[in-house]
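# Descriptive analysis of the structure
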Amino acid sequence: MNSTRKIIAHSLLFDGLPPEQLAEIEKLAIKRHVVKGAPIFFEGDPGLGFYMVASGKVKIFKTSFDGKEQILHIFGPGEPFGEVPVFHGTPFPANAEALTSTDLLFFPRTEFINLITATPSLAFNMLAVLALRLRRFAAQIENLSLKEVPGRLASYLFFLMEEQNNQEWVTLDIPKGQLANLLGATSETLSRIFNKMYEEGLIRVEGKTIFVLDHQRLRDR
């Protein structure tokens, strides 16, 4: 199995599809490389297709009129993004930028819709991914609107535990400055919260690794 087929086969979007369908999807994939910090698309650009991260990291974000940035999602290998306009035929609702040197697979809208029409199992997979994306987005809105920054950080750490399948420690997959943006805080505020959680015996930080020492007290933040 070549690298492109492997990425497609192991993604949540195409998981469980038979080899012949994976081969048809692979035929649609257009490889693109994006350097760190380069835009992938801007809010308002026509949604001519969607992307999947082959390697690297991509952030999806909105920018206010005064230039303030709010990160909405961060995607890594195997994760699709920009797929909603594929169904609606609407422009992209946010911006996308490469956080690292990134390889992408691009799936053109018209060809992909034709494939979905002929492959109902693929449509079910996409519905599952969109439902998961909605759940994550709803949780993020709840955290930003109802919780103070310590509670947002605690929720994010537990989210990473679930995602990384580890109950003792997590590895931050983005710089702390980007994490502050994702949580709607400043870097200085986030640093103070990390220090306070450490002093209270809730966590221990070793580089990008955060050990959770007291689950219950951290959940109560």
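All of these numbers come straight from a predicted model, not from anything done at the bench. (Residues numbered from 1 in each chain as written. Predicted model: local features only at pLDDT ≥ 70, side-chain atom pairs only at ≥ 80, totals over all residues. Heavy atoms only, no water.)

## Looking at the pairing of strand β8 (residues 102-108)
- When you tally the buried positions in β8, you get six out of seven residues, the bulk of the element.
- Two elements, strand β1 (residues 30-34) and β8, share five bridges in a ladder whose sense is antiparallel. Within β8, the position partnered with His33 by the bridge is Asp103.
- Here strand β3 (residues 49-55) pairs with β8 via six bridges, running antiparallel. From the neighbouring strand, Tyr51 faces β8, where its bridge partner is Phe106. (Buried < 20%, exposed > 50% of the residue type's maximum accessible area, 1.4 Å probe, protein only. Helix = DSSP H or I, 4+ residues; strand = E, 2+ residues; numbered from the N terminus. Pairing = 2+ DSSP bridges.)

## Description of helix α8 (residues 187-199)
- With 13 residues, α8 should reach 18 Å at 1.5 Å per residue; the first-to-last C-alpha distance of 18 Å fits that figure.
- Every buried residue of α8 is listed here: Leu190, Ile193, Phe194 and Met197. Buried positions in α8, seen along its axis, are confined to an arc of 100 degrees and lie on one side of it. For α8, the exposed residues set more than 90 degrees away from the buried face come down to Glu188, Arg192 and Glu199.
- Remark: Gly201 follows α8 within two positions and exhibits a positive phi of approximately 75 degrees. (Expected span 1.5 Å × (residues − 1). Arc of directions from axis to C-beta.)

## Comments concerning the domain arrangement of the protein chain
- Examined at the domain level, the protein chain breaks down into domain 1 (3-133) and domain 2 (147-220).
- The centre of domain 1, based on its C-alpha atoms, is set 28 Å off from the matching centre of domain 2.
- Taken together, the contact pairs eight residues of domain 1 with six residues of domain 2.
- Buried surface at the junction of domain 1 and domain 2, summed over both partners, amounts to about 650 Å²; 49% is from carbon and sulfur atoms.
- It is Lys57, Ile71 and Ile74 that lose the most area in domain 1 upon contact with domain 2, and together they represent 53% of the buried surface on that side.
- Seen at the junction of domain 1 and domain 2, the total is zero salt bridges.
- For the pair domain 1 and domain 2, the interface holds four residue pairs in polar contact (both at pLDDT 80 or more).
- Counting residues per element, the side of domain 1 that touches domain 2 draws most heavily on strand β5 (residues 69-75), which supplies five residues. (Domains from an automatic or database assignment. Contact = heavy atoms within 4.5 Å. Buried area = accessible area lost by both parts, 1.4 Å probe. Salt bridge = Lys/Arg side-chain N within 4 Å of Asp/Glu carboxyl O. Polar contact = N/O pair within 3.5 Å; in protein donor to acceptor, adjacent residues only side chain to side chain.)

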